[in-house]
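Structural features, examined
For reference, the chains in residue letters:
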Amino acid sequence: MSHPPKKILTVFGTRPEAIKLFPLIHALEADDRFVSRVCVSAQHREMLDQVLDLTGIVPDHDLNLMMPGQTLDTLTARALVEIGKVLDEERPDWVVVQGDTTTVMAGAIAAYYRKIPVCHVEAGLRSGDIYHPWPEEVNRRAVGTFAALHCAPTATAAAALKAENIDPAIVQVTGNTVIDALQWVTRRLTAEPGLASGLAECEVRFAGKRIIGMTSHRRENFGEGMEGIAEAVKRLASRDDVAIIFPVHLNPNVREVMNAALAGLDNVALIEPLDYPHFARLIGLSDIMLTDSGGVQEEAPALGRPVLVMRETTERPEGVDAGTAKLVGTDANVIVRETERLLDDPQAYAAMARAHNPFGDGKAAGRIVELLAG
């Protein structure tokens, strides 16, 4: 006797979640064992929509929760209530969430309140410090206490969950879906280079230079940390052989500091935030990535690019252990020293560029689908 298809409701709200979940949504939609439904909180509006448009995902529920000046309390409360209404309407067999945003925590708790099992994709990341990253560290720990299926991206993440006394039977190492996503978009770019043609001007302007790709947006770096990062970029840009391409985050805490320090420098391109194809192209163009982002620590090694992480801690120690990433904090002297070591020492560069990428093989979505089918 055939079983009715399982209804899976995938809940997400930000661009990084959309990037890491679209391969799974594609796999669920293509599998007749499932009915796939999608709910977005739109915690990131424009950046989320770019990924949805690129990947052809049309949400069944769009909550559009963001309001100007909204506090974290208000966002969390509204997300919990509105996602709860969607769950009451859909009555899914599983709720899937990814990572550690406010949407993830609220969506998972709303499911728990209805005794609907939660599948947590990218489970088990831990920095060990509840204020770095904030509030993400607590969001993911909270979901970790009650998820019914923990899809750990690496053995390290799985070990962290087991150390918290989570039943090993519900912890599975699947790899990280970010690698599935990056392989998908790289194939698209090969077929349609025009998807990332917006960087052509930078490519011409900086021809013959070593390109450093840059991102910076973490809350815990606002203030002194951002100023240290800006000073480091300014010093690196004084080298004739280096150019920095820096998509600047929209947050004024980032923009004001970076514009004040870097606007008008010959070797620095301060550009608007990039959509996903352009960002994949930026990594491909760059010799080195300087970042305080989580996802870039996973994506850059997949394209053979060393990553210097401008944070004091990382919940992705696998990259550091494998040699693809190095923590450099936000002290300008340290950032400059470590970047110049990679620029000037071919052996040091080759060791990081060659290192094994510990985050996956591009088949994570298929593994998660089989676990949900189980």
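Presented here is a report on the structure given in the accompanying data block. (Residues numbered from 1 in each chain as written. Predicted model: local features only at pLDDT ≥ 70, side-chain atom pairs only at ≥ 80, totals over all residues. Heavy atoms only, no water.)

**Section: the layout of surface pockets**
- The volume enclosed by the second largest pocket comes to roughly 180 Å³.
- Elements that contribute at least two residues to the lining of the second largest pocket include exactly helix H7 (177-191) and helix H11 (276-285).
- Of the residues assigned to the lining of the second largest pocket, the class counts are 5 nonpolar, 4 polar and 2 charged. (1 Å grid on protein atoms, 1.4 Å probe; cavity = no way out; pocket = protein on both sides within 12 Å on 5 of 7 lines; lining within 4 Å. Points joined across faces, edges and corners; volume = space filled by probe spheres on them. Helix = DSSP H or I, 4+ residues; strand = E, 2+ residues; numbered from the N terminus. Nonpolar A, V, L, I, M, F, W, Y, C, P; charged D, E, K, R; others polar.)

**Some words on the side chain of Glu 338**
- For Glu 338, the location among the structural elements is in helix H14 (residues 332-344).
- Side-chain polar atoms of Glu 338 contact the side chain of Arg 341, separated by 3.2 Å.
- Excluding residues that lie within four positions of it along the chain, Glu 338 makes contacts with Leu 308, Lys 326 and Val 328. (Polar contact = N/O pair within 3.5 Å; in protein donor to acceptor, adjacent residues only side chain to side chain. Contact = heavy atoms within 4.5 Å.)

**A word on the nonpolar core**
- Counting 36 residues, the largest nonpolar core has Phe 12, Leu 24, Val 96, Cys 119, Tyr 276 and Leu 372 as its most contacted members.
- If you tally residues by element for this core, the top one is helix H1 (residues 15-29), at 7 residues.
- If sequence neighbours within four positions are ignored, Cys 119 has contacts with Trp 94, Val 95, Val 96, Val 97, Leu 149, Cys 151, Ile 368 and Leu 372.
- Residues Ala 230, Phe 246, Leu 343 and Tyr 349 belong to the second largest nonpolar core, which totals 30 residues. (Core = buried A, V, L, I, M, F, W, Y, C linked by side-chain atoms within 4.5 Å. Buried < 20%, exposed > 50% of the residue type's maximum accessible area, 1.4 Å probe, protein only.)

**Some points on the sheet that holds strand S9 (residues 242-247)**
- Spatially, S10-S9-S8-S11-S12-S13 is the arrangement adopted by the 6 strands of the open sheet, whose pairing is parallel. On the outer flanks of this sheet lie strand S10 (268-271) and strand S13 (325-327), each paired with one strand and no other. Strand-to-strand twist across the sheet, computed as the mean angle between neighbouring axes with direction ignored, equals 20°.
- As paired strands, strand S8 (residues 210-215) and S9 are joined by 4 bridges and run parallel to one another. Paired with Ile 211 across the bridge in S9 is Ala 243.
- The strands touched by helix H10 (residues 252-262) within the sheet are S9 and S10, with S10 carrying the most contacts at an inclination of about 150°. (Pairing = 2+ DSSP bridges. Axes fitted to C-alpha atoms, helices over the stretch in contact; angles between N-to-C directions.)

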